[in-house]
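# Overview (structure and organization)
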Amino acid sequence: MPLPEDDIVGVLAETYRLLGDPTRLRIVLTCLEGPIAVGDIARATGASPSLVSHHLRLLRAARLVRGTRRNKQVFYETADAHIANMLTDMLDHAMEDPDTSDTDPVSEGDAKS
């Protein structure tokens, strides 16, 4: 696979920078379940509603979450299946037992040659 253009690499780097903040990552993970209000995100993450709102603005700008207004409340969810799949795959990876890995990274690299 050829390397993507610099602007695409920049978008990826910014995405991972945003998700590198534990509070923002918790917020996006909370949004995986489906539409959720700011107050409920705040309770789930232990952050204040104003801090959650601040982070949601950044996450929306990066197209990681989207908001839908219902009456006076905005409900947030992950922006699309790509974001949801990336996060659930990374959760699976982080939670797997490293001792049960049956692949050798060096061998895998050699196998591709």
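What you are looking at is a predicted structure, and each value in this text was computed from that prediction instead of being measured.

Rules and cut-offs
Residues numbered from 1 in each chain as written. Predicted model: local features only at pLDDT ≥ 70, side-chain atom pairs only at ≥ 80, totals over all residues. Heavy atoms only, no water. Salt bridge = Lys/Arg side-chain N within 4 Å of Asp/Glu carboxyl O. Helix = DSSP H or I, 4+ residues; strand = E, 2+ residues; numbered from the N terminus. Buried < 20%, exposed > 50% of the residue type's maximum accessible area, 1.4 Å probe, protein only. Patch = residues over 30% accessible without salt bridge, like charges linked within 9 Å, V, L, I, M, F, W, Y side chains within 5 Å. Areas by Shrake-Rupley, 256 points an atom, 1.4 Å probe, with all protein chains shown as cover. Lys, Arg positive; Asp, Glu negative; His and termini not counted. Charge placed at Lys NZ, Arg CZ, Asp CG, Glu CD. Axes fitted to C-alpha atoms, helices over the stretch in contact; angles between N-to-C directions. Parallel < 35°, antiparallel > 145°, perpendicular 65-115°, else oblique. Left-handed = near helix turned anticlockwise from the far one by under 90°. Contact = heavy atoms within 4.5 Å. Nonpolar A, V, L, I, M, F, W, Y, C, P; charged D, E, K, R; others polar.

Turning to the pattern of salt bridges, a few remarks are in order. Side chains that differ in charge, positive against negative, can pair when their charged atoms come close. For the structure shown, the criterion picks out 3 salt bridges. In this structure, the salt-bridge partner of R17 is E14, at a minimum N-O distance of 2.7 Å. Taken together, the positions of R17 and E14, both in helix 1 (residues 6-19) and 3 residues apart, correspond to about one turn of that helix. Note on R17: relative accessible area 48%, which makes it partly exposed. The class of E14 is partly exposed, set by a relative accessible area of 34%. Between R66 and E77 there is a salt bridge whose closest N-O contact spans 3.4 Å. Here R66 is found in strand 2 (residues 65-70), whereas its partner E77 is found in strand 3 (residues 73-78), with 11 residues between them in sequence. The exposure class of R66 is partly exposed, given its relative accessible area of 41%.

Turning to a negative patch on the surface, a few remarks are in order. On the surface, D89, D92, E96, D97 and D99 cluster together to form a negatively charged patch. Tracing the sequence through the fold places D97 in the loop between helix 5 (81-95) and helix 6 (105-112). Residue D97 is classed as partly exposed on the basis of its relative accessible area of 39%.

A pair of packed helices is characterised by two quantities: the angle between their axes and the separation of those axes. Where helix 2 (residues 22-30) contacts helix 3 (residues 38-45), the axes come no closer than 10 Å and their chain directions differ by 120°. In terms of orientation, helix 2 and helix 3 fall into the oblique class. The way helix 2 lies across helix 3 gives a crossing that is right-handed. Contacts between helix 2 and helix 3 pair R26, I27 and T30 from the former with I41, A44 and T45 from the latter. Partitioned by chemical class, the residues of the contact of helix 2 with helix 3 number 3 nonpolar, 2 polar and 1 charged.

Such coordinate-based values are descriptive only and should not be taken to indicate function.
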